[in-house]
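Take a look at the letters that make up each chain.
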Amino acid sequence: MLRECRFLLMEAAGELLDDAHYELGPAARLRVAVPAVASRVAAELRRQLITGKWVPGMRLNEPTIAEELGVSRNTLREAFAELGAERLVVRLPNRGVFVAAPGADDLRDFYTVRRAIEVSAVRNGGSAERIAAIQEAVAEGRKAAKAKDKERLADANLGFHRTIVEMAESQRLNTLMNQVLAEMRLFFFKEPVNVEFYSRYVEENAEIAKALAEARFDEAASLLADYLDRSEQHLFEIYDAS
């Protein structure tokens, strides 16, 4: 129990409780907080996937991860179950938990989800602040490309797609997009980031951002749809060649 409480403090669990519309006593506050631990652990593990800490097929050491996060192994298993439902990890009987290694058969479904989320968000546009954040993500991508920093470039590209969905101002969509970004990392581990190749995508991101800034939302949606079509085809070629 103390370990779960420590993780909640690390993750600013007080924000969850402060959002309540009524006062809770200390005991009641603890009962509300504890069930949230596994979901917060899952969010942290998902973040580690997005940042590339784990690679497809990697075995996850439960005792080590539980110790790093300061939670019980039961709580960690609940978090793994959540990630398993999202197809980010798999538990193999008598072997343990492994990072998922998606194959070509998963690609089509993955891009169907991306089109539904991202293209819709772009077509509906967003506030000036949200569009400015998209432009900042493009600027970060250009800096990374100029520096030939492949990890920074990959992070900037993920940031661009995250800020696109944030235009919708929907926490549910943001949560779903974080799942998509984690899975995206797993797909792109199939091919190391090529700075020259992905620098081209930075400029395509810039075109989308420019269309959004000029309120040409339908055009921005078409640009993004074409972008996703090419990205999907590129990955299919990589999987077919392997």
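Nothing here was measured: the structure is a model prediction, and the numbers come from that model. (Residues numbered from 1 in each chain as written. Predicted model: local features only at pLDDT ≥ 70, side-chain atom pairs only at ≥ 80, totals over all residues. Heavy atoms only, no water.)

Caption draft 1: Expanded view of the environment of Glu203. Mapped onto the elements of the fold, Glu203 is located in helix H11 (residues 195-213). Residue Glu203 is classed as partly exposed on the basis of its relative accessible area of 37%. Separated by 64 residues in the primary sequence, Glu203 and Ala139 have C-alpha atoms spaced 9.9 Å apart. (Helix = DSSP H or I, 4+ residues; strand = E, 2+ residues; numbered from the N terminus. Buried < 20%, exposed > 50% of the residue type's maximum accessible area, 1.4 Å probe, protein only.)

Caption draft 2: Up close: the pattern of salt bridges. This structure, assessed with the given rule, holds 20 salt bridges. A salt bridge links Arg91 to Glu62; the nearest nitrogen and oxygen atoms lie 3.2 Å apart. With Arg91 in strand E2 (residues 89-92) and Glu62 in helix H5 (residues 62-69), the pair connects residues that are 29 residues apart, well separated along the chain. Of the residues examined, Glu62 reaches a relative accessible area of 9% and is grouped as buried. As a salt-bridge pair, Glu140 and Arg152 come within 2.6 Å of each other at their nearest N and O atoms. In this pair, Glu140 is assigned in helix H8 (residues 128-147) and Arg152 in helix H9 (residues 150-166), connecting sequence segments 12 residues apart. A residue is classified by how much of its surface remains accessible, and Glu140, at 28% relative accessible area, is partly exposed. Residue classification places Arg152 among the partly exposed positions, given a relative accessible area of 30%. In this structure, a network of salt bridges that share partners links the residues Lys210, Glu214, Arg216 and Glu219. (Salt bridge = Lys/Arg side-chain N within 4 Å of Asp/Glu carboxyl O.)

Caption draft 3: Examining the packing of aromatic side chains more closely. Across all of its chains, the model carries three aromatic pairs by this definition. For the ring pair Phe110 and Tyr111, a centre distance of 5.3 Å and an interplane angle of 90 degrees mean the geometry is edge-to-face. Exposure class is identical for Phe110 and Tyr111. Each is buried. Between Phe110 and Phe187, the ring centres sit 4.6 Å apart and the planes meet at 40 degrees, which makes this aromatic pair tilted. Placement of Phe110 in helix H7 (residues 104-124) and of Phe187 in helix H10 (residues 171-188) is noted, with a sequence separation of 77 residues between them. Taking relative accessible area as the criterion, Phe110 reaches 2% and is therefore assigned buried. These aromatic residues form a ring-pair network of at least three members: Phe110, Tyr111 and Phe187. (Phe/Tyr/Trp six-rings, centres within 6.5 Å; stacked < 30°, edge-to-face > 60°.)

Caption draft 4: Here's a closer look at the nonpolar core. Val41, Leu45, Leu60, Ile65, Val122, Leu212 and Leu224 are the most contacted members of the largest nonpolar core, which totals 65 residues. In terms of residues, this core owes the most to one element, helix H12 (residues 217-241), which gives nine residues. Excluding residues that lie within four positions of it along the chain, Leu224 makes contacts with Glu118, Val119, Val122, His161, Ile164 and Ile208. (Core = buried A, V, L, I, M, F, W, Y, C linked by side-chain atoms within 4.5 Å. Contact = heavy atoms within 4.5 Å.)

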